[in-house]
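Residue-level structure breakdown
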Amino acid sequence: MLYSAFILGIISSLHCIGMCGPIAMMLPVDHKNEAKKATQIITYQLGRLSAYASIGLIFGLLGRGLLIAGIQQNISIFIGILMIFVALVPEKTFARYNFSKPVYKIISKVKSSLGNQFKNKSYQSIFTIGLLNGFLPCGMVYTALFGAIAMQSAGFGTLYMLLFGLGTVPLMTVVVYINSVIKLPFRNKVQKIIPYAAVIIGVLFILRGLGLGIPYISPSNMSLFVQAAPNCH
């Protein structure tokens, strides 16, 4: 299921253009020195990847606890359903309910710190911008975190979110160079594709949990990566 993380990342990057694109476009990079600009952009992306990997570690540990509890197949089905639900319910519906209220102050501090970093062109500041950017609330990141939980391992949870982040890198890098080329109508059209992709990945997690005996997609005696016991006859 790790491949689904990279695919989700690629598709999510189309969403990122609208949500995080302005941050990338405002990066305090050196536009006169292309080599330095490239290393600054890489530093920014490393910051984002570090944020995704760290939260993947946390949610992977949560998934590991569920594995130990022996409910890994059920949780895979449940997470698949959650992915589909998040993909199909309009964001405006979630906006009516302040789910983030308990952590609103933390988010505000992250945004405030993010704003302060734009005043400094050092590599440390650019890395911090990427790091804080990765911790900002995002529906597609939440969807990926469901997948990290389903990995049921700290290592695989980290890798899942890292692959998700890598999937967002190409377009989030391009947008720094050609932000004027990506017009709003194009972004709006592409945004419509995202829910369908999230639904497909959700279905894959459900099939994985059902253990239907389909090689690579829904193996029986499921542990998400290896069988609980070898088939010895």
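Residues numbered from 1 in each chain as written. Predicted model: local features only at pLDDT ≥ 70, side-chain atom pairs only at ≥ 80, totals over all residues. Heavy atoms only, no water.

1. Considerations on the environment of Leu210
You can see Leu210 is positioned in helix 11 (residues 193–210). When the C-alpha atoms of Leu210 and Gln73 are compared, they prove to be 6.8 Å apart, with 137 residues separating the residues in sequence. (Helix = DSSP H or I, 4+ residues; strand = E, 2+ residues; numbered from the N terminus.)

2. Some details on the packing of aromatic side chains
On inspection of all chains with the given rule, the structure shows one aromatic pair. Ring plane angle 70° and centroid distance 5.5 Å describe the contact between Tyr52 and Phe164, whose orientation is recorded as edge-to-face. Here the residue Tyr52 occupies a position in helix 3 (residues 34–68), and Phe164 occupies one in helix 9 (residues 154–178), the gap between them amounting to 112 residues. Take Tyr52: its relative accessible area is 2%, and that puts it in the buried class. (Phe/Tyr/Trp six-rings, centres within 6.5 Å; stacked < 30°, edge-to-face > 60°. Buried < 20%, exposed > 50% of the residue type's maximum accessible area, 1.4 Å probe, protein only.)

3. Let's talk about the environment of Ile201
Locating Ile201 in the fold gives a position in helix 11. Judged by relative accessible area, Ile201 falls into the buried class, the value being 4%. Ile201 sits 57 residues away from Ala144 along the chain, and the two C-alpha atoms are 9.9 Å apart. The contact partners of Ile201, leaving out residues within four places of it in the chain, are Ser4, Leu8, Met83 and Tyr160. (Contact = heavy atoms within 4.5 Å.)

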